[in-house]
Amino acid sequence: MSLSNADVKKIASLARLAMNDAEIASARSQLSGIFELIAEMQAVDTKGVVPMSHAQDVSQRLREDKITESSQRELFQTIAPQVESGLYLVPQVIE
Amino acid sequence: MQWEIIIGLEVHTQLSTNSKIFSGASTTYGAEPNTQADAVSIALPGVLPVLNKGAVERAIKFGLAIGANIASRSVFARKNYFYPDLPKGYQISQFDLPVVGQGELTIQVEPLSGNGKPYEKVVRVTRAHLEEDAGKSLHEDFRGMTGIDLNRAGTPLLEIVSEPDMRSAAEAVAYAKTLHSLVRWIGICDGNMQEGSFRCDVNVSVRRPGAPLGTRREIKNLNSFKFMQQAIDYEVQWQIDTLENGGKIQQATVLFDPEKGTTHAMRSKEEAHDYRYFPDPDLLPLDITPSMLAQARDTLPELPQAKRERYVTELGLTPYDASILTSSREMAEFFEAALAEAPDQRKICANWLIGDVSAQLNRDGLDIAQCPITPKQLGGMLKRISDGTISNAGAKEVFRVMWSESGEADAIIDAKGLRQVSDTGAIEKIVDEIIANNPTQVADYRGGKDKLFGFFVGLAMKASKGKANPAQLNEVLKRKLDNNK
């Protein structure tokens, strides 16, 4: 499968990336290379093999339901561009 | 021509854990903004999610309660979208391998209008999956900016998805209410709808009977049963009107405006959502072992449906009474504790709870958990009704005093002199006096005016200050009056 420029633009837009034409061309060739690799893997007969959901064959460890964190709001908010009344402020996103 | 209404629900229940689903931050409602937003909740680079055992246990309990298959292995996935209340850029959810598979819920439907009779229906639950909640956006008061509070981000949710099995607003509301009662019953969610602990999305479509499914519109974020009913009624009528006027329904997400009582479509995005789900590499597959299942099963209380059936078969209550007494776990526990005091008074205990207790709770705006009378107090009173110490009138007085002033039934009976007179000698004396003092009425009665019997009962009750045992009084009166008929 090879990608079109439009495919790359759509992926870039979903990922919130601004790309110029040269970047699109280069990303297109790199992404197409990845898809070729995937196509090669998909050609392998996997009948009867359970799909893998993680690279390691171990299962999730669980945490006890305990509160272990206390507020670090002041510290965290020192790196926020804008805060007010304890809230992080961002450009308006109302629909 | 008829239209058939098709409804399916997606319900987000906030699980009642102490800490968040993937971190040790508190989930307490109403804290100062961002004081419960730890490094994981605000998605600082390099943090990793660690799954909360309490959230998994609650999901398992729910699955067992609806008779669903619990996946021995389930997988967390990333649902990608950009919104500032979701700072990672994706929500951790479950996609093709959810923790709870297909189950079912039996609902009791009370038709909302007309003379329809209540009926029972089984609604299939498609699946239930674990996911994290997002934060909150505040759009006002920030001069064109949006304020973000991430305290809620990472709160564990169980999203419960039904099949499109409901055919009316009444059925949808009955399903939502049954689910609401169940999650509280098994202790996995506090059910507080004002605080958003139980939020419903309702998918509605209409079709001609037998036709393929119509296009659905999804009413988002309903947080009251009343709004749910209003929103569905309005939406159904709107869809029918649109179709009958030759229009087409576009798939859309709509919001309900409680003030206008209408639904309106949210502005559609230029491109449809493309969530690009994929397994979250930060989380390993969740294995649920037989021992975890057994543990959840052991901590599960008797379920409402089983209790309802047992109340009918074992206690001989009507299905209606049984259904009201099992409407919440608090109600059922109150009933059982009161009944333990007077085990032979099943019907009377049910009547008091469904009648006087519920009516008084309603008047005072309380629920059964806040009832000023304890089950032991009510049971103590039932015991005295049962052994004939007090009449029904006396019981009402005992109940009134217990409610407004507290105290045990026995003490109130003594203090207020409510003990029923069951002494035949005393009752005969009263009756003799009445017969002697009312010769005209006695003659009329004996002459055939049967209706006068009530007159004598009234006089005798009054003379006994309401304390005469009514059955005995009737018996003595009848015997003495009819003697010389």
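As the structure is a prediction and not an experimental result, all values here were calculated from the model. (Residues numbered from 1 in each chain as written. Chains lettered and ligands numbered in written order. Predicted model: local features only at pLDDT ≥ 70, side-chain atom pairs only at ≥ 80, totals over all residues. Heavy atoms only, no water.)

Enquirer: Explain the overall build of chain A here, please?
Expert: The helix and strand tally for chain A stands at 3 helices and 2 strands. Mapped in sequence order, the helices and strands of chain A form the string α-α-α-β-β. Expected size for 95 residues packed as a compact globule is a radius of gyration near 12 Å; at 22 Å, chain A overshoots this value by more than 25%. Considered along the principal axes of its C-alpha atoms, chain A spans approximately 55 × 45 × 25 Å. Across the 95 residues in chain A, those meeting the buried criterion constitute 21%. Accessible surface computed for chain A: about 7300 Å², of which carbon and sulfur atoms make up 57%. (Helix = DSSP H or I, 4+ residues; strand = E, 2+ residues; numbered from the N terminus. Rg over C-alpha atoms; globule rule 2.2 N^0.38 Å. Buried < 20%, exposed > 50% of the residue type's maximum accessible area, 1.4 Å probe, protein only. Areas by Shrake-Rupley, 256 points an atom, 1.4 Å probe, with all protein chains shown as cover.)

Enquirer: Looking at this structure, how should I read the pairing of strand S9 (residues 156–162) of chain B?
Expert: It is a general feature of regular strands that their side chains alternate between the two faces of the sheet. Residues and elements named next belong to chain B. In terms of burial, S9 is largely enclosed, as 7 of its 7 residues are buried. Burial along S9 is two-sided: the face carrying Pro156, Leu158, Ile160 and Ser162 and the face carrying Leu157, Glu159 and Val161 are both buried. Pairing of strand S1 (residues 4–14) with S9, which is carried by 5 bridges, proceeds in the antiparallel orientation. Residue pairing in the sheet places Val11 in a bridge with Ile160 of S9. Sheet analysis places strand S6 (residues 119–132) next to S9, joined by 7 bridges and oriented antiparallel. By the bridge assignment for S9, Glu131 is matched with Leu157. (Pairing = 2+ DSSP bridges.)

Enquirer: Please clarify how the side chain of Ser162(B) should be interpreted in this entry.
Expert: Locating Ser162(B) in the fold gives a position in strand S9. Those residues in contact with Ser162(B) that lie beyond four places of it in its chain are Gly8(B), Leu9(B), Val123(B), Arg124(B), Val125(B), Thr126(B) and Tyr175(B). (Contact = heavy atoms within 4.5 Å.)

Enquirer: Quick question: what am I supposed to make of the interface of chain A and chain B here?
Expert: How big an interface is tends to be expressed through the accessible area that disappears when the partners come together. Facing 39 residues of chain A, the contacting portion of chain B comprises 57 residues. Summed over both partners, the interface of chain A with chain B comes to about 4200 Å²; 57% of that surface belongs to carbon and sulfur atoms. Inspection of the region where chain A meets chain B yields 3 salt bridges. A salt bridge links Glu64(A) to Lys53(B), with the shortest nitrogen-to-oxygen separation between them at 3.4 Å. Joining chain A to chain B, the criterion identifies 22 residue pairs in polar contact (both at pLDDT 80 or more). For the side of chain A that touches chain B, the secondary-structure elements that each account for two or more residues are helix H1 (5–14), helix H3 (73–77) and strand S2 (87–91) of chain A. The leading source of residues in the side of chain A that touches chain B is S2(A), at 5 residues. Across 4 bridges, S2(A) lies against strand S8 (residues 145–149) of chain B in antiparallel orientation. Looking across to S8(B), one finds that Pro91(A) is bridged to Met145(B). (Buried area = accessible area lost by both parts, 1.4 Å probe. Salt bridge = Lys/Arg side-chain N within 4 Å of Asp/Glu carboxyl O. Polar contact = N/O pair within 3.5 Å; in protein donor to acceptor, adjacent residues only side chain to side chain.)

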